[in-house]
Amino acid sequence: MKKSDKANVPTRLFSPVALRGISARNRVVVSPMCQYRSVDGSPTDWHLVNSGRYAIGGAGIVFYEETAVEARGRKSYGCASIERDGQIPAYRRITDFIRAMGAVPAIQLGHSGAKGSVKGAMDEWTPLTAGDAAAGLAPWQTISASAHPFGTGRPPSTAMDQGEIDRVVAAFAAAAARSHAAGFDICEIHGAHGYLIHQFLSPVTNTRADRYGADRAGRMRFALEVTEAVRAAWPAHKPLFFRVSARDGRGGLWDIDDSVALAGALKERGVDVVDCSSGGITGTSSMPVVPRVPGYQVEFARRIKQAAGVPTMAVGLITEPAQAEAILQAGDADLIALARELMFNADWPVHAAKALGHGAYLSLLPPDFAFRLHRRDEVGRLPFNQVGASLAHADALVEST
Ligand SMILES: Cc1cc2nc3c(=O)[nH]c(=O)nc-3n(C[C@H](O)[C@H](O)[C@H](O)COP(=O)(O)O)c2cc1C
C-alpha cells in the first residue's frame, strides 16, 4: 500500500477479474450505449471523448455501443457499424485511448433485423419513409426470421433464406475479426432487445417451420451459428460475451427457462459471460413486463449463473455502490454493468470505490490526477495554520503518490 492510501476495505466490485487472457482492474462495466452520432457507421471525436471519459473515470471494462456487422444491420443512419476494413483505424484510436487509461476496450456486435430503417432515439425510432429519401435517409428493406412488420406503421421485413442467413453469420465473423484488428479485447454478441438474433429466438417473431424455427432448438440455431462463427474468428485468449433478453417484453413468449437453455448452449460454444438484460419483443400472451425497479434484472443473472453454470453480468438500475457490491457478494453475478448512471456521473467508479472504503480509490484515476488529489487530501486534512509547512514538504507527498 502506498504511504498515502487509506486503510483498505476489500471489495468484490474493485477486485480485478481475469477472463481468458484479459484482465480488468475491477468489475464495473460501461454497458453499451448507442450514440446515434456515427458518420457512415464510423466513430467521430464524440465517440473518443464519450468512451474516453468512462475510461478516465475508472471503469474496468468500457463497451463501445452496439455496432452493426453490415450497413443494413444498423437501426438508423447514425448508428455504428464495423463492416469495412477502412473503418479500423478510427476504432483503433478509441481502443488505444481506453487501454491507455487502464480500462479494457470492448465492443458489442449486433444486427437490427426488422428493427432497422428508423430515425434516432430522439425521434422515438419512428420508421424512415420515402419522404426521408430527399434528405439522404432513404428507408431500406429490413430482414428477419419471418416476414412480420415489427410494430405498427412499419413495412414487413423479408424472411431470411439460407443464403441470407449464411451471409449474416459470415458478416458477424468478419466484424469480429475487424474488432480484434481495431484493438478491442472483449466482444459481445447482441442477442437481446428485439434485434435480429432475438427475432430468431422468440416465438413471437419467429414463425418459421424450417430448421431455424419450429421448436426452441430450431429458434436457437441462428444465435448458435453466429456464436460459433464469432468464436472461431475471435482470438482464443479474448473473452466473448453474449447479451440475452432473459425474458421477452410484455405479452412475449421467450422466458427465463429458455434463456437458461440458451446460456448452457452458449457456454458449450465458448461464451465466457452471459449479459442478462430483458425485453424488446412484445406480444399478446399473459407474460408481464419486468417492473423497472432497482436491480430489476439481477434475478435473471442469478438464475442463469446458477442453472447454466456460466458467469453472468447484471445490468439495469444498478446505481448505488453498496447495491453493486451486494450483488457480487451474494454470488448473483460476476460483473456489474451500468448505463444511465454513468451518463449522469462518468466518474462513478472512483466515487463508488471511495464510498465502499477502497483505500486506493484515487489510483483509478490517471496518475497525474491521483497525484494532485492525494496532495490536496493530505493538505486538506491539516489544520489551517500548518498548511504552509506542509507545502514546504510537498516532496514527501509527491513520493507518497
Ligand atoms: C443511451 C442508451 C443507449 C443504449 N444503447 C444500447 C446498446 O447499444 N446496446 C445494448 O445492448 N443496450 C443499450 N442500452 C441499454 C443499456 O446498455 C442498459 O442495459 C440499460 O440502460 C439498463 O441499464 P441502466 O439502468 O444502468 O441504464 C442503451 C441504454 C441507453 C440509456
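The residue numbers shown here count from 1 along each chain, following its written sequence. Since the coordinates come from a predicted model, pLDDT governs what is reported: local features require at least 70, and pairs of side-chain atoms require 80 or more to be given and counted, while whole-chain, interface and lining totals use all residues. The side-chain quantities take in all heavy atoms of the structure and omit both hydrogens and water.

A. Seen up close, the pattern of salt bridges. The term salt bridge refers to a pairing of a side-chain nitrogen on Lys or Arg with a carboxyl oxygen on Asp or Glu at a separation within 4 Å. If you walk through the whole model with that rule in mind, you get 25 salt bridges. The salt bridge partner of Arg-247 is Asp-255, with a shortest N-O separation of 2.7 Å. Using a 1.4 Å probe on the protein chains alone, a residue whose accessible area is under 20% of its type maximum counts as buried, one over 50% counts as exposed, and one in between counts as partly exposed. Residue Asp-255 is classed as partly exposed on the basis of its relative accessible area of 23%. In the salt-bridge network here, residues are joined through shared partners; they are Glu-70, Arg-72, Glu-164 and Arg-167.

B. Up close: helix α6 (residues 256-268). By the criteria applied, helices consist of DSSP H or I runs no shorter than four residues and strands consist of E runs no shorter than two, each listed in order from the N terminus. The span you would expect from a helix comes to 1.5 Å times its residue count less one. In a regular helix each residue adds 1.5 Å, so 13 residues correspond to 18 Å; α6 covers 19 Å between its end C-alpha atoms and thus fits that length. Restricting attention to buried positions, one finds in α6 the residues Ile-256, Asp-258, Ser-259, Val-260, Leu-262, Ala-263, Ala-265 and Leu-266. By definition in these notes, contact holds between two residues if any of their heavy atoms fall within 4.5 Å. Buried residues along α6 sit in contact with α4 (196-201), α5 (216-233), β10 (240-245), β11 (273-277) and α7 (298-308). Positive phi shows up at Gly-270, right after α6, with a value of about 95°.

C. Summary view of the site of the ligand. Taken together, 16 residues sit near the ligand, with Ser-31, Cys-34, Gln-108, Leu-317 and Arg-340 positioned nearest. Counting of polar contacts relies on pairs of N or O atoms within 3.5 Å, with two restrictions inside protein: one atom must be capable of donating a hydrogen and the other of accepting it, and residues adjacent in sequence are counted only when both atoms are side-chain atoms. In the environment of the ligand, an oxygen atom lies 2.9 Å from a nitrogen or oxygen atom belonging to the backbone of Ala-339. Note that an oxygen atom of the ligand is positioned 2.6 Å from one of the side-chain N or O atoms of Arg-340. Residue burial considers only the protein chains on display, and all accessible areas are found by Shrake-Rupley using a 1.4 Å probe. For the ligand, the accessible surface in isolation is 600 Å², of which the surrounding protein chains cover 82%. Placement of the ligand is best described as lying within the largest pocket. In the shell around the ligand, the residues fall into 8 nonpolar, 5 polar and 3 charged. For this purpose, a residue is taken to be near a molecule or strand whenever a single non-hydrogen atom of the residue falls within 4 Å of it. Two kinds of site are reported from a 1 Å grid over the protein atoms alone, namely cavities, where a 1.4 Å probe fits but cannot get out, and pockets, open sets with protein on both sides within 12 Å along at least five of seven lines, and residues are called lining when an atom falls within 4 Å of a point. Assignment of a molecule to a cavity or pocket requires that more than half of its atoms lie within 2 Å of the corresponding grid points. For this classification, the nonpolar set comprises Ala, Val, Leu, Ile, Met, Phe, Trp, Tyr, Cys and Pro, the charged set comprises Asp, Glu, Lys and Arg, and every other residue, Gly included, is treated as polar.

D. Expanded view of the domain arrangement of the protein. In this document the domain limits rely on a domain assignment from an automatic tool or a database. Each domain of the protein was delimited in the assignment, giving domain 1 (17-364) and domain 2 (366-401). Using C-alpha coordinates to define each centre, domain 1 is positioned 43 Å away from domain 2. At the interface, 6 residues of domain 1 touch 6 residues of domain 2. In this structure, the connection of domain 1 to domain 2 is made through 0 salt bridges. For the pair domain 1 and domain 2, the number of links is 0 residue pairs in polar contact (both at pLDDT 80 or more). The residue makeup of the side of domain 1 that touches domain 2, split by class, is 5 nonpolar, 1 polar and no charged.

E. Main features of the nonpolar core. One finds Phe-222, Leu-262 and Ile-304 to be the most contacted residues of the largest nonpolar core, which totals 91 residues. Every residue in contact with Ile-304, bar those within four places of it in the chain, is listed here: Val-244, Ala-246, Ile-256, Ser-259, Val-260, Ala-263, Val-274, Cys-276, Gly-309, Val-310 and Thr-312. For the purposes of this section, nonpolar cores are sets of buried Ala, Val, Leu, Ile, Met, Phe, Trp, Tyr and Cys residues that join through side-chain atoms within 4.5 Å. Residues Ile-61, Val-104, Phe-241 and Leu-335 belong to the second largest nonpolar core, which totals 16 residues.

F. Molecular detail of the layout of surface pockets. Quantified by volume, the largest pocket comes out at close to 1400 Å³. Breaking the lining of the largest pocket down by element, the ones donating at least two residues are α1 (45-56), β13 (335-338) and α9 (340-344). Here the element with the most residues in the lining of the largest pocket is α1; it accounts for 4 residues. Counted by class, the lining of the largest pocket contains 21 nonpolar, 16 polar and 12 charged residues. Grid points are joined across faces, edges and corners, and a volume is the space filled by probe spheres set on the points.

G. Spotlight on empty space enclosed by the protein. Considering all chains together, one arrives at 2 cavities of 30 Å³ or more under this definition. Lining the largest cavity are Val-30, Ser-31, Met-33, Gln-35, His-47, Asn-50, Ser-51, Tyr-54, Val-62, Phe-63, Tyr-64 and Glu-65. When contributions to the lining of the largest cavity are tallied by element, the ones reaching two or more residues are α1 and β4 (61-68). Here the lining of the largest cavity is composed, by residue class, of 6 nonpolar, 5 polar and 1 charged. There is about 30 Å³ of room inside the second largest cavity.

H. Up close: the side chain of His-190. Tracing the sequence through the fold places His-190 in strand β9 (residues 186-191). Among the polar contacts made by the side chain of His-190, one reaches the main-chain amide nitrogen of Ala-192 at a distance of 3.3 Å. Discounting chain neighbours no more than four positions away, the residues touching His-190 are Glu-66, Gln-108, Leu-109, Gly-110, Tyr-195, Ile-197 and Arg-243.

I. Representation of the UniProt feature "domain: NADH:flavin oxidoreductase/NADH oxidase N-terminal" (unreviewed entry) in the protein in the model. Per the UniProt record, "domain: NADH:flavin oxidoreductase/NADH oxidase N-terminal" (unreviewed entry) is found at residues 13-356. End C-alpha atoms of residues 13-356 are separated by 9 Å, and the span's content is 33% helix alongside 16% strand. UniProt positions are given in the numbering used here, feature names are shortened, and annotations may be inferred rather than shown by experiment.

J. Layout of unusual backbone geometry. Even without glycine at this site, Ser-117 takes up a positive phi of about 65°. On the accessibility criterion, Ser-117 (7% relative accessible area) is buried. With a phi close to 70°, Ala-214 is a non-glycine residue in the positive phi region. By relative accessible area, which is 61% here, Ala-214 ends up exposed.

K. Summary view of the confidence of the model for the protein. The pLDDT score gives, residue by residue, the confidence of the prediction method on a 0 to 100 scale. Per-residue confidence for the protein averages 93 on the pLDDT scale, and 93% of its residues sit at or above 70. pLDDT under 50 marks residues 390-401. Its contacts with residues more than four places away, or in other chains, come to 18 contacts.

L. Broad picture of the environment of Thr-126. On the secondary structure map, Thr-126 appears in the loop between β6 (104-110) and β7 (143-144). Classification of Thr-126 by relative accessible area gives partly exposed; the value is 32%. With 55 residues separating them along the chain, Thr-126 and Ala-71 place their C-alpha atoms 18 Å apart. Those residues in contact with Thr-126 that sit more than four places away from it in its chain are Val-118 and Lys-119.

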